[in-house]
Amino acid sequence: MTTTTAVLREMRWWDIDPVLELESELFPDDAWSAGMFWSELAHSRGPGATRRYVVAEDPATGRIVGYAGLAAAGDLADVQTIGVTRDHWGGGLGAALLTDLLKHATAFECAEVLLEVRVDNTRAQKLYERFGFEPIGFRRGYYQPGNVDALVMRLHVQEHVQEHGQETETD
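Residues numbered from 1 in each chain as written. Predicted model: local features only at pLDDT ≥ 70, side-chain atom pairs only at ≥ 80, totals over all residues. Heavy atoms only, no water.

## Topic: the sheet that holds strand S4 (residues 76-84)
Strand-to-strand pairing in sheets goes through backbone hydrogen bonds, with the strands running parallel or antiparallel. To be explicit about the condition: DSSP-based pairing: two strands are paired if at least 2 bridges between them are found. The way it works is that DSSP assigns letters per residue, a run of H or I at least four long becomes a helix, a run of E at least two long becomes a strand, and they are numbered from the N terminus. Lines fitted to the C-alpha atoms define the axes, with helices restricted to the stretch that makes contact. Angles between their N-to-C directions range from 0 to 180 degrees. Whether two residues touch is decided by their heavy atoms; if any such pair falls within 4.5 Å, the residues are in contact.
With respect to topology, seven strands assemble into an open sheet ordered S1-S2-S3-S4-S5-S7-S6, the strand pairing being mixed. Bordering the open sheet on either side are strand S1 (7-10) and strand S6 (134-143), each of which pairs with just one other strand. Each neighbouring strand pair of the sheet contributes to a mean axis angle of 25 degrees, computed without reference to strand direction. Strand contacts of helix H1 (residues 16-26): strand S2 (51-57), strand S3 (64-73) and S4, with the helix running at about 95 degrees to S3, the strand carrying the most contacts.

Structure follows, in structure tokens:
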């Protein structure tokens with residue numbers, strides 16, 4: 001675990017390559033492609049934006065040490081991805097990234113936020129539970145090619161805001 005404080009900023013096209021490196025390190029069996037990130041970023045700017053993608057940058061080195069994405073449609077948002085380098089696990093960076101996404105879900109006027117998490121990723125599940133996400137079901141064989149089930153979780157945004165405000169939560 002590192003104690004370096006990362007700086008969160010909007011993800012831009014020039015961040016795709018370093019994010020892909022981190023993505024393949026963290027999720028080797030089901031990593032996103034460059035095309036998937038390009039497609040998401042295409043919907044993240046301008047008056048009709050429906051996406052929020054953010055990176056966490058180590059201010060000392062400029063290295064991308066985390067990233068996260070959210071998609072909004074109507075009053076529903078979906079956490080698309082969150083990844084943090086292993087040397088930053090346990091330092092609150094995942095919580096900071098999730099807090100950023102939830103602020104933007106509120107700005108998109110979403111009532112609920114959904115996400116899928118691997119059933120074997122208890123570390124991430126505990127983070128989501130701390131934020132008030134509740135399990136609502138499973139998607140069998142969701143993560144391919146490993147055929148790993150996904151736990152579907154939901155957060156009612158207004159309840160979260162009333163309970164936690166918009167302050168950054170940490171580990």
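## Points about helix H4 (residues 122-130)
As a reminder of what qualifies: Three exposure classes are used, based on accessible area relative to the maximum for each residue type with a 1.4 Å probe and protein chains only: buried under 20%, partly exposed in between, and exposed over 50%. Arc definition: it is the arc formed by the directions from the helix axis to the C-beta atoms.
Taken together, the buried positions of H4 are occupied by Ala124, Gln125, Leu127 and Tyr128. Projected onto a plane normal to the axis of H4, the buried residues spread over an arc of 160 degrees and lie on a single side. Along its buried surface, H4 packs onto S4, helix H3 (93-107), strand S5 (112-118) and strand S7 (148-156). Gly132 sits one or two residues past H4 and shows a positive phi near 100 degrees.

## Regarding the packing of aromatic side chains
Filter applied, for reference: Classification of ring pairs uses Phe, Tyr and Trp, with its six-membered ring standing for Trp, and accepts pairs whose centres are within 6.5 Å; under 30 degrees between planes counts as stacked, over 60 as edge-to-face, and the remaining range as tilted.
Summed over all chains, the structure comprises eight aromatic pairs. Measuring from centroid to centroid gives 6.5 Å for Trp32 and Tyr53, while their planes differ by 55 degrees, and the two rings are tilted. In this pair, Trp32 sits in the loop between H1 and helix H2 (34-41) while Tyr53 sits in strand S2, placing the two residues 21 residues apart along the sequence. For Tyr53, a relative accessible area of 1% corresponds to the buried category. Between Tyr142 and Tyr143 the ring centres are 5.0 Å apart and the planes differ by 85 degrees, which places this aromatic pair in the edge-to-face class. A relative accessible area of 38% means that Tyr142 is categorised as partly exposed.

Taken by themselves, the reported measurements are silent on function.
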